[in-house]
Amino acid sequence: MAHAHEHVSNTKRIWKVFILLSVVTIIEVAFGIYKPAILHDTLFLQMNLLNWMFIGLTIYKAYYIVWAFMHLEGEKSNLRWSIVAPLVFLIIYLVFILLVEGNYVFDVFKSSQIKWNF
């Protein structure tokens, strides 16, 4: 009697995901330690390019984790977009709020008599 479905080992795929996420994390850590001047001193939308790189790599890792471990690569395009599009919108919104409010707090403390206590 032949089995209709065989269990397929995903060991190779798991190692691929592990290696990819590890490489991206190692890149993030290396840039965090060395802080290249070209990235650290160049501003884009009132934030340095190094921080933008960290945000981009973190979003890439989050998307790849969802892609790999929620098995979205095998789903139809409409289902993938119904999951990914709201998350992309929410992440962009949260980054916007973080940048605007963080910049406001920085400006308030920079130009006032109140000292930094944290």
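Before reading on, note that the structure itself is shown above.
Computed from a prediction, not measured in an experiment: that's the story for all the values here.

J.: Help me out: how do you make sense of the layout of surface pockets in this one?
T.: A probe matching the size of a water molecule, rolled over the atoms, marks out where space remains unfilled. As a volume, the largest pocket reaches approximately 290 Å³. Leu45, Gln46, Met47, Asn51, Trp52, Phe96, Leu98, Leu99, Val100, Gly102 and Asn103 together form the lining of the largest pocket. Breaking the lining of the largest pocket down by element, the ones donating at least two residues are α3 (49-69) and α4 (77-110). For the lining of the largest pocket, the element with the most residues is α4, which contributes six residues. Of the residues that constitute the lining of the largest pocket, the class distribution is seven nonpolar, four polar and no charged. Ile59, Ala62, Tyr63, Val66, Val84, Leu87, Val88, Ile91 and Ile92 are the residues that line the second largest pocket. Among the elements that make up the lining of the second largest pocket, the one with the highest residue count is α4 (five residues). The class makeup of the residues in the lining of the second largest pocket is nine nonpolar, no polar and no charged.

How each quantity is defined
- Counting of residues starts from 1 at the beginning of each chain's written sequence and follows it residue by residue.
- Per-residue local features of the predicted model are confined to residues with pLDDT of at least 70, and side-chain atom pairs are confined, for both listing and counting, to 80 or more; whole-chain, interface and lining totals are unaffected and use all residues.
- Hydrogen atoms and water are omitted, and side-chain values are computed over all heavy atoms in the structure.
- Buried and open spaces are told apart on a 1 Å grid over the protein atoms alone, a cavity being a set of points where a 1.4 Å probe fits but cannot get out and a pocket being an open set with protein on both sides within 12 Å along at least five of seven lines. Residues with an atom within 4 Å of a point are the lining residues.
- Grid points are joined across faces, edges and corners, and a volume is the space filled by probe spheres set on the points.
- Helix numbering and strand numbering both begin at the N terminus, where a helix is a DSSP run of H or I of at least 4 residues and a strand a DSSP run of E of at least 2.
- Side-chain classes follow a simple rule in which Ala, Val, Leu, Ile, Met, Phe, Trp, Tyr, Cys and Pro form the nonpolar group, Asp, Glu, Lys and Arg form the charged group, and the remainder, Gly included, forms the polar group.

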